Amino acid sequence: IDATVIKTDSFDSRGNSLKQTVKRYSDETLAKLVETQAITNTGYDFHDRVSRSSIITTNSIGEFVDRQEVSYLLYDTFGNAIDQTIERYTKEDALIDYKVIHNEYSSAIAARRGNATHTTINRYTSKSTLDSITRIERQEIYNNSFDPIGNVIDQVIELYVKETLSRKTVIKNSNISNSGDAGNQ
């Protein structure tokens, strides 16, 4: 069993997290560090929804892994991100990839739990030219059924490379706890 420790270093006047440190360990005793993420959130709106997050990830010995710049462009009435982008950079600030994410929430029960019914993730080599030449892959995630409190039961994940289906993963969750953890998958 792994463990994650989240420490919030500063808050704004409304209690929103401005700076956080997330440490992931491969064990419950917190002896084996896997990675650390330093997160800076900015641009909270009237509803306390963040507009930008900057995430710097380092490995177990403190070496730089990547920097992600996340923009939350549109939210639904439940506070779920509908549209967002993620820019990922090297230590030298060279773009690794650029993701454009769109979530659909057609089930109100699932949306209240933050579970989208459909997600499309396009990953590109460029953030200025988004076309079939710069697209690395496209992922389609279908959450097809939910339990009475909005947890995902049936999920299909399709990965397309050059618009050809490369991999399809079918997941069935059962014995789901009230906190959303599947007993069986």
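One can find the structure itself at the top, above this paragraph.
All values derive from a computational prediction rather than experimental measurement. (Residues numbered from 1 in each chain as written. Predicted model: local features only at pLDDT ≥ 70, side-chain atom pairs only at ≥ 80, totals over all residues. Heavy atoms only, no water.)

A. How the structure looks around the environment of Ile176. Position of Ile176 relative to the elements: it lies in strand β12 (residues 174-176). It is 8.6 Å that separates the C-alpha atoms of Ile176 and Asp147, two residues lying 29 residues apart in sequence. (Helix = DSSP H or I, 4+ residues; strand = E, 2+ residues; numbered from the N terminus.)

B. The arrangement of unusual backbone geometry in detail. Even without a glycine there, the phi angle at Asp48 is positive, about 65°. In this structure, Asp93 takes a positive phi of about 70° despite not being glycine. With respect to the secondary-structure elements, Asp93 resides in the loop between β6 (81-89) and β7 (95-104).

C. Representation of the pairing of strand β11 (residues 164-172). Note that strand β10 (residues 152-161) and β11 share eight bridges and pair antiparallel. Bridge pairing in β11 places Gln155 opposite Ile171. Between β10 and β11, which pair antiparallel in sequence order, lie two residues; one of them, Lys162, sits at a positive phi of approximately 50°. (Pairing = 2+ DSSP bridges.)

D. Representation of the sheet that holds β10 within the structure. The strand order β1-β2-β3-β4-β5-β6-β7-β8-β9-β10-β11 describes an open sheet built from 11 strands, whose pairing is antiparallel. Edge positions in the sheet fall to β1 (3-11) and β11, since each of these pairs with one other strand and no more. Between one strand axis and the next, the sheet turns by 15° as a mean value, whatever way the strands run. (Axes fitted to C-alpha atoms, helices over the stretch in contact; angles between N-to-C directions.)

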